[in-house]
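This is what each chain is made of:
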Amino acid sequence: MLASAVERLDAADVGSPRMNAEMLLMFVLGADRAYLYAHPERELTAEEAARYEEVLAQRATGMPSQYITGHQEFWGLDFVVSRAVLIPRPETEHLVEAVLELARGIERPKLVDVGTGSGCVALALAHELPDAEVHAVDLSAEALEIARANAVRLQLEKRVRFLQCNVLDPVFDKSVSVIPSEDFSPSRGIYFAKFRDFDFVVSNPPYVALSEADKVQKSVQEFEPTMAVFAGLHGTDVIGPLTEQAHRALKPGGWLALEIGYSMRDDVVNLLSPTMWDDVRVMPDLQGIPRVVAAKKKAISPSHGSAVL
Ligand SMILES: C[S@@+](CC[C@H](N)C(=O)[O-])C[C@H]1O[C@@H](n2cnc3c(N)ncnc32)[C@H](O)[C@@H]1O
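The present account deals with the structure reproduced in this document. (Residues numbered from 1 in each chain as written. Predicted model: local features only at pLDDT ≥ 70, side-chain atom pairs only at ≥ 80, totals over all residues. Heavy atoms only, no water.)

This paragraph deals with the sheet that holds strand S9 (residues 290-297). What the 7 strands build is an open sheet, ordered S5-S4-S3-S6-S7-S9-S8; its pairing is mixed. This sheet does not close on itself; its edge strands, each paired only once, are strand S5 (160-164) and strand S8 (277-284). Along the sheet, successive strands turn relative to each other by an average axial angle of 15°, direction set aside. Where helix H8 (residues 141-153) meets the sheet, its contacts fall on strand S4 (133-138) and S5, and the angle it forms with S5 comes to roughly 170°. (Pairing = 2+ DSSP bridges. Helix = DSSP H or I, 4+ residues; strand = E, 2+ residues; numbered from the N terminus. Axes fitted to C-alpha atoms, helices over the stretch in contact; angles between N-to-C directions. Contact = heavy atoms within 4.5 Å.)

So, about the packing of helix H1 (residues 2-11) against helix H2 (residues 17-29). One can describe the packing of H1 onto H2 by two numbers: an axis separation of 8 Å at closest approach and a directional angle of 125°. Our classification of the angle between H1 and H2 gives oblique. Read as a crossing pair, H1 and H2 show a hand that is right-handed. Where H1 abuts H2, its residues Leu-2, Ala-5, Val-6, Leu-9 and Asp-10 lie against Pro-17, Arg-18, Asn-20, Ala-21, Glu-22 and Leu-25. A per-class count over the contact of H1 with H2 returns 7 nonpolar, 1 polar and 3 charged. (Parallel < 35°, antiparallel > 145°, perpendicular 65-115°, else oblique. Left-handed = near helix turned anticlockwise from the far one by under 90°. Nonpolar A, V, L, I, M, F, W, Y, C, P; charged D, E, K, R; others polar.)

Along the chain, Glu-48 turns up in helix H4 (residues 46-60). Exposure remark for Glu-48: the relative accessible area of 17% places this residue in the buried category. Looking at Glu-48, its side chain comes within polar contact range of the side chain of Arg-42, at 2.9 Å. The residues touching Glu-48, leaving out its near neighbours within four places in the chain, are Val-28, Leu-29, Arg-42 and Glu-43. (Buried < 20%, exposed > 50% of the residue type's maximum accessible area, 1.4 Å probe, protein only. Polar contact = N/O pair within 3.5 Å; in protein donor to acceptor, adjacent residues only side chain to side chain.)

So, about unusual backbone geometry. Positive phi is not limited to glycine here, since Asp-197 has a value of about 55°. As for its position among the elements, Asp-197 is in the loop between helix H9 (188-194) and strand S6 (198-203). Despite not being glycine, Asp-279 has its phi angle at roughly 55°, a positive value. Here Asp-279 is to be found in strand S8.

It is worth spelling out the pattern of salt bridges at this point. Using the criterion set out here, one finds 16 salt bridges in the structure. Taking the shortest distance from any N to any O, the salt bridge between Arg-33 and Glu-22 comes out at 2.9 Å. You can see Arg-33 sitting in helix H3 (residues 33-38) and its partner Glu-22 sitting in helix H2, a full 11 residues away along the chain. For Arg-33, a relative accessible area of 35% corresponds to the partly exposed category. In this structure, Arg-51 engages Glu-54 in a salt bridge whose closest nitrogen and oxygen atoms are separated by 3.2 Å. (Salt bridge = Lys/Arg side-chain N within 4 Å of Asp/Glu carboxyl O.)

Residues in close proximity to the ligand total 20 residues, the closest being Gly-115, Asp-138, Asn-166, Val-167 and Asn-204. Asn-166 is positioned with one of its side-chain polar atoms (N or O) 2.8 Å from a nitrogen atom of the ligand. Within the side chain of Asn-204, a nitrogen or oxygen atom sits 2.8 Å from an oxygen atom of the ligand. Contact with the protein chains covers 96% of the free accessible surface of the ligand, which is 600 Å². Counting residues per element, the ones that place at least two in the shell around the ligand are helix H7 (120-128) and helix H11 (226-229). Class assignment of the residues belonging to the shell around the ligand gives a composition of 12 nonpolar, 7 polar and 1 charged. (Near = heavy atom within 4 Å. Areas by Shrake-Rupley, 256 points an atom, 1.4 Å probe, with all protein chains shown as cover.)

As a further point, take the environment of Ala-209. With respect to the helices, strands and loops of the structure, Ala-209 is situated in the loop between S6 and helix H10 (218-223). Taking the relative accessible area as the measure of exposure, Ala-209 reaches 11% and is therefore buried. With residues up to four places along the chain from it excluded, the contact list for Ala-209 reads Phe-230, Gly-232, Leu-233, His-234 and Gly-235.

Inspection of every chain in the model, using the stated rule, returns 1 aromatic pair. Across the ring face of Phe-198, the terminal group of Lys-110 is positioned such that the distance to the ring centre comes to 5.3 Å. (Phe/Tyr/Trp six-rings, centres within 6.5 Å; stacked < 30°, edge-to-face > 60°. Lys NZ or Arg CZ within 6 Å of the ring centre and 35° of its normal.)

The end-to-end C-alpha separation of H2 is 18 Å, in line with the 18 Å expected for 13 residues at 1.5 Å each. What H2 keeps buried is the set Pro-17, Asn-20, Ala-21, Glu-22, Leu-24, Leu-25, Met-26, Val-28 and Leu-29. On its buried side, H2 packs onto H1, H3, H4 and helix H5 (65-69). Two residues or fewer after H2 comes Gly-30, characterised by a positive phi angle close to 60°. (Expected span 1.5 Å × (residues − 1).)

This is the structure in structure tokens:
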């Protein structure tokens, strides 16, 4: 069974066909790799064989295995994923690391994760920073459902507040731009009053330029949510407003931390005007590619000589 599955995935151009065939078999059997190797004589029931056939057919279309199994590990935690959310990537763990490093010594840091998707960044930070106040926003209601489900599974639902909105619009108190949701309509005013003075605005925003869509892996183009990947013709449709709005949302001395795409370093650094931001840092990933940009909101406005609000 395994041997023919490997051949089939190989013929469909699926990378690492053996690993994929084994992983999907483990998923169907609810077993681990040790079980597979310890029981080569095990035959599949008709039901198991039909289910294996179904998932192999899905994988052969190029669908990422995480959308088939419904799971992806991030920061050592198990996240459920669906096609409403981006599959959490290992390189995004650099963003979590950078924030943890910057948060050292800050008591009860107040954070917001913009474009939370599966909730992986917000929930990893809530997990690591037990005294932090964590907020998470996304424009997609479907993504927020997954993020909330992950919060419950990780027993962090009392630690993270989720809100559906466009970038950081609530900072401007424009209730009109917030999509009403049952969680927030009754106490919206109170909630918005709290939606400022953050120590951290954290985000892995969509940043791929539509003009570069053909350079994106086929499986990403076909299966991952467009709004999680692409951000306008030049890739800055979210990062642009985000850097501006984050400045308003942060307290003086607060940090903006962003994951950036390959080759975006200069464009993003240029958005961070030296009159508004200090201490701009660019952190590389394990391959040496600039992956995270962090900048500190200036405490004093040079033009007014007073705190920037
Ligand atoms: C690259 S994904 C990141 C998801 C998750 N934080 C992660 O790192 O895996 C970007 C997320 O931003 C959300 N998004 C896109 N445009 C947005 C906007 N204008 N306002 C808020 N969220 C947005 C998408 O729905 C998606 O969940």
